[in-house]
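Per-entry structural report
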Amino acid sequence: MEVAVMAGKCPKCEQIVSRLSIKPLLGQGPSGQHKSITLNCPACDTILGAQVDPSAAKSDLVAEIRKLREA
Ligand SMILES: [Zn+2]
């Protein structure tokens with residue numbers, strides 16, 4: 001079975017975006033700093049999206065659970 005990939009266009013350079021360039025940065029929120037990532041156009045580096053780094057969020061969660069189990 002073949003899955004059709006619906007690639008979108010970058011709003012700035014209008015290239016078809018078939019992959020994202022992921023870059024780390026620090027997010028600052030009311031509960032402190034969070035490792036985050038931006039999802040960039042690989043052609044012109046425009047930020048297309050941003051979110052908390054899911055792998056950093058996962059390791060933070062694991063560390064919290066470990067702390068609770070040791071308490
Ligand atoms: Zn672009």
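Our structure is the block above this text.
This write-up is about the structure you can find in this document.

Procedures and definitions
The residue numbering used here restarts from 1 in each chain and proceeds along that chain's sequence as written. Only residues with pLDDT of at least 70 are given local features in this predicted model, and only at 80 or more are side-chain atom pairs given and counted; all residues enter the totals for whole chains, interfaces and linings. Only DSSP runs of H or I with at least four residues qualify as helices, and only runs of E with at least two residues qualify as strands; both kinds are numbered from the N terminus onward. Neighbour density around each residue's C-beta defines its exposure: 20 or more other C-beta atoms within 10 Å make it buried, 12 or fewer make it exposed, and counts between make it partly exposed, where C-beta atoms are placed from the backbone. In this analysis, strands are considered paired if DSSP registers two or more bridges between them. Here an angle of 0 to 180 degrees is reported between the N-to-C directions of two axes, which are lines fitted to C-alpha atoms, with helices fitted over the stretch in contact. The contact criterion used here is simple: two residues whose C-beta atoms, placed from the backbone, lie within 7 Å are in contact.

1. Things to note about unusual backbone geometry
Where the residue is not glycine, phi is negative for most of them; where a peptide bond is considered, it is trans in most cases. Here the phi dihedral of Glu-14 falls at roughly 60 degrees; this positive angle occurs in a residue that is not glycine. Summarising the element assignment, Glu-14 is placed in the loop between strand S1 (8-9) and strand S2 (16-17). The exposure class of Glu-14 is exposed, given the 11 C-beta atoms found within 10 Å.

2. A closer look at the sheet that holds strand S3 (residues 21-29)
Strand order in the open sheet formed by 3 strands is S3-S4-S5, and the pairing between neighbours is antiparallel. The open sheet has two edge strands with one neighbour each: S3 and strand S5 (47-52). Taken pair by pair, the neighbouring strands of this sheet meet at an average axis angle of 30 degrees, ignoring direction. Pairing analysis gives 9 bridges linking S3 to strand S4 (residues 32-40), with the strands arranged antiparallel. Residue pairing for S4: Gly-27 is matched across the bridge by His-34.

3. Structural notes on the pairing of S5
Pairing of S4 with S5, which is carried by 5 bridges, proceeds in the antiparallel orientation. Residue pairing in the sheet places Ser-36 in a bridge with Val-52 of S5. In sequence, S4 turns back onto S5 through a hairpin of 6 residues, with Asp-45 there showing a positive phi of about 70 degrees.

4. Considerations on the pairing of S3
Burial runs low along S3: only 0 of the 9 residues are buried. Between S3 and S4, which pair antiparallel and follow one another directly, the connecting turn spans 2 residues.

5. Thoughts on the environment of Lys-23
Following the sequence through the fold, Lys-23 ends up in strand S3. The class for Lys-23 is partly exposed, based on 13 C-beta atoms found within 10 Å. For the pair formed by Lys-23 and Ala-63, sequence separation is 40 residues and the distance between their alpha carbons is 24 Å. Once residues lying within four places of it in the same chain are set aside, the contact partners of Lys-23 are Ile-37, Thr-38 and Asn-40.

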